[in-house]
Amino acid sequence: MKNLLVDKIYNAVGADALVVTQTDLAFYLTGFESSFGVLIADGDGSTFLTDARYLEAAKSRVRSGIAVEEYPRGESLASLLKKYSTIGISLSKSTASEYLALKNAGYEIIDCTPAFERAMAVKSPEELNSIKAACIAADSAFTALLPRIKEGMSENDVAALLEYLMRQYGASGTSFSTICAFGANASVPHHETDNTRLKFGDIVLIDFGCKVGGYCSDCTRTFLFGDDGKHGEFKQAYERVLTAHMLVKEKFKAGMTGREGDAIARDYLKTYGLDKYFTHSLGHGIGINIHEAPNLSPKSEQIFEDGMVFSDEPGVYFEGKFGIRIEDTVTLEGGKVVSLTDSGKSLKIL
């Protein structure tokens, strides 16, 4: 049996067989999520092998053109590939033990990661629809969250409520562990959400996203819980980060590189001496995984094109004081940036 997408990846790799054991890559090809499965493809077609836990569901949900069989009990992966000489596997996603088992069995290994990255970077209309649905769920949940935030709630309380609301709006789960940071905790870009309690006048940073149909959304909002009149520096920095964010949407076009996109925001912040506080890249690809190709960073020479989905997330972080990040999930359409999350970015004061 043949499936066009599997055949495309197989032909791009150029090995006797394409072997996929990673759950994300297997889902990309089969459309079926499971914790265990192996897809083997060659010139004659492809087969997805899984165990009894998933077999019935796989037979009804794996994409057409892919055969489904039960994985033979007691068989090693190497023993299933005996008729091949060259094997295409994802080196960046395989464990050392998986690689060595195939290498020691005498197979020549070809890295299939570049073929997957090229294919996965440009989303199909069906993939875009899933991402858009995940973005709508995230936006709706955040909007519903704001009036329910009360003084004395912990970061964990707010994160849990937001995750609950995202499920209420149709998400199957989160894209990643929700980051909720109050006050000075926001100065840590990837703060570990804890039991810090919310106080009047606190800066609040929430980085969140959810999955619909196996695809992710990603969004960050920074706002104030009440205004105690002590946040002049914060408000000024916020407007500059917001301007940097919006300049990317205005100036970044298909055909530009990730480095050029990153520079739009970074160069603007540099005019105010804020670039040294912008400690991460501008953005990353979003799809089945919350971080995938392509990237917008000072070193990225990847050329962006219509159908790519990525984050626009400039931020500044002042150690021990506060942090600001403003992030949307965006795509390129007609050569221009189109925002898929849009719950409002003007500074909110609850």
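Everything quoted here is computed from the prediction, not taken from an experiment.

1. Digging into the environment of Ser154
Here is step 1 of the chain: Inspection of the secondary structure assignment puts Ser154 in the loop between helix H7 (125–145) and helix H8 (155–168).
Here is step 2 of the chain: Judged by its relative accessible area of 1%, Ser154 is buried.
Here is step 3 of the chain: Taking the C-alpha atoms as reference points, Ser154 and Leu224, 70 residues apart in sequence, are found 15 Å from one another.
Here is step 4 of the chain: Ignoring any residue separated from it by four or fewer positions in sequence, one finds Ser154 in contact with Phe182, Asp194, Asn195, Thr196 and Arg197.

2. What to know about the sheet that holds strand S9 (residues 202–208)
Hydrogen bonds between backbone groups are what pair the strands of a sheet, and the pairing can be parallel or antiparallel.
Here is step 1 of the chain: The 3 strands are arranged S8-S9-S12 in an open sheet whose pairing can be described as antiparallel. Unpaired on one side and paired on the other, strand S8 (179–182) and strand S12 (219–225) mark the two borders of the sheet. Going across the sheet, the axis of each strand differs from the next one's by a mean of 10 degrees, ignoring polarity.
Here is step 2 of the chain: Bridging between S8 and S9 involves 4 bridges; their strand directions are antiparallel. By the bridge assignment, Cys180 is partnered in S9 with Ile206.
Here is step 3 of the chain: Lying on the sheet, H7 is in contact with S9 and S12; it crosses S9 at an angle near 155 degrees.

3. Things to note about the nonpolar core
Here is step 1 of the chain: If you look at the biggest cluster of nonpolar residues, it comprises 38 residues, and the most contacted ones within it are Leu18, Leu29 and Phe116.
Here is step 2 of the chain: Within the residue set of this core, elements represented by two or more residues are helix H1 (4–13), strand S1 (17–20), helix H2 (23–30), strand S2 (38–42), helix H3 (55–61), helix H6 (113–121), H7 and strand S11 (215–216).
Here is step 3 of the chain: Per-element accounting of this core gives the leading share, 5 residues, to H2.
Here is step 4 of the chain: Not counting residues within four places of it along the chain, the set of residues in contact with Phe116 comprises Ile9, Leu18, Val20, Leu25, Tyr28 and Leu29.
Here is step 5 of the chain: Core analysis: the next-biggest nonpolar cluster, separate from the first, contains 35 residues, Ala186, Val248, Ile264 and Phe310 among them.

Criteria and cut-off values
Think of each chain on its own: its residues are numbered from 1, step by step along the sequence as written. Reporting in this predicted model follows two pLDDT cut-offs: at least 70 for local features of residues, and 80 or more for side-chain atom pairs to be given and counted; totals over whole chains, interfaces and linings ignore these cut-offs and use all residues. Processing note: side-chain calculations cover all non-hydrogen atoms of the structure and skip hydrogens and water entirely. The secondary structure listing takes helices from DSSP runs of H or I that are at least 4 residues long and strands from runs of E that are at least 2 residues long, numbered from the N terminus. A simple rule labels every residue: compare its accessible area, found with a 1.4 Å probe on the protein chains alone, to the largest value its type can have, and call it buried under 20%, exposed over 50%, or partly exposed in between. Any two residues whose heavy atoms approach within 4.5 Å at even a single point are treated as in contact. A strand pair is defined by DSSP finding two or more bridges across the two strands. All axes here are fitted lines through C-alpha atoms, helices being fitted over the stretch that makes contact, and every angle between N-to-C directions spans 0 to 180 degrees. Buried Ala, Val, Leu, Ile, Met, Phe, Trp, Tyr and Cys residues form a nonpolar core when they are joined through side-chain atoms within 4.5 Å.

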